[in-house]
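Coordinate inspection notes
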Amino acid sequence: MGGGVLAALSRLSYCSLLVHGLAARWLLLGQGAAVCSDPTCLWTYTAGTVLLSELGALLLALMLEMPCCCLLRRITDVLTA
C-alpha cells in the first residue's frame, strides 16, 4: 500500500514540476499590471500558482501518464508470460 501512495505522489510531483513554470508564467503575464509588493498580494499569487500547478499536474497525470503506465504494465505482462 505504501509503495502505491509513494508512486502516485512521485508522478504528481514530476507533473507538477513540468506544469509549474507554465502556470506561473501564464498567471504573471495574464495580469495587466505588475504584481504588487504587498505581502497579501504576493501570498495570494503564490497560492494561486501552486493551486493551478497542482490541478494541472493532476490532470496531466490522469490523462497522459497513467494510461502510458498501464500500457507499459500490460506489455511487460505479455512479454514475461
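Residues numbered from 1 in each chain as written. Predicted model: local features only at pLDDT ≥ 70, side-chain atom pairs only at ≥ 80, totals over all residues. Heavy atoms only, no water.

Check the secondary structure of the protein and you find two helices and zero strands. Here the C-alpha atoms of the protein give a radius of gyration of 18 Å, more than 25% beyond the 12 Å that 2.2 N^0.38 yields for 81 residues. A principal-axis box enclosing the C-alpha atoms of the protein has dimensions of 60 × 25 × 10 Å. Taking all 81 residues of the protein together, 11% fall into the buried category. Of all intrachain contacts in the protein linking residues separated by at least 6 positions in sequence, the fraction that spans at least 24 positions is 71%. Charged side chains of the protein number 4 positive and 4 negative; the gap between the two group centres comes to 11 Å. (Helix = DSSP H or I, 4+ residues; strand = E, 2+ residues; numbered from the N terminus. Rg over C-alpha atoms; globule rule 2.2 N^0.38 Å. Buried < 20%, exposed > 50% of the residue type's maximum accessible area, 1.4 Å probe, protein only. Contact = heavy atoms within 4.5 Å. Lys, Arg positive; Asp, Glu negative; His and termini not counted. Charge placed at Lys NZ, Arg CZ, Asp CG, Glu CD.)

Here, UniProt's "transmembrane region" (unreviewed entry) annotation points to residues 12-30 and 42-64. Segment residues 42-64 splits into 100% helix and 0% strand. End C-alpha atoms: 32 Å apart. (UniProt positions renumbered as here; feature names shortened; annotations may be inferred.)

On to the side chain of Thr49. Topologically, Thr49 is positioned in helix α2 (residues 39-80). Classification of Thr49 by relative accessible area gives buried; the value is 3%. A polar contact is formed between the side chain of Thr49 and the backbone oxygen of Tyr45, at a distance of 2.8 Å. Ignoring anything within four residues of it in the chain, the contact list for Thr49 reads His20, Ala23, Ala24 and Leu27. (Polar contact = N/O pair within 3.5 Å; in protein donor to acceptor, adjacent residues only side chain to side chain.)

What follows is about a nonpolar patch on the surface. There is a patch of nonpolar side chains on the surface, built from Leu58, Leu59, Leu62, Met63, Leu64 and Met66 and spanning about 610 Å² of accessible area. According to the relative accessible area criterion, Leu62 is exposed, its value standing at 54%. (Patch = residues over 30% accessible without salt bridge, like charges linked within 9 Å, V, L, I, M, F, W, Y side chains within 5 Å. Areas by Shrake-Rupley, 256 points an atom, 1.4 Å probe, with all protein chains shown as cover. Salt bridge = Lys/Arg side-chain N within 4 Å of Asp/Glu carboxyl O.)

Within the element layout of this structure, His20 appears in helix α1 (residues 2-30). Placed 31 residues apart in sequence, His20 and Leu51 show a C-alpha to C-alpha distance of 9.6 Å. Here His20 is in contact with Thr49 and Ser53, once residues within four sequence places are set aside. A polar contact is formed between the side chain of His20 and the side chain of Ser53, at a distance of 2.9 Å.

Turning our eyes to something else, we now look at α2. Helix length check: α2 (42 residues) gives 57 Å between terminal C-alpha atoms against 62 Å at 1.5 Å per residue, within 8%. At Ala61, α2 shows its maximal bend, which comes to roughly 40°. Along α2, the residues classified as buried are Thr49, Ser53, Ala57 and Ala61. (Expected span 1.5 Å × (residues − 1). Bend = angle between axes of the 7 residues up to and from the residue.)

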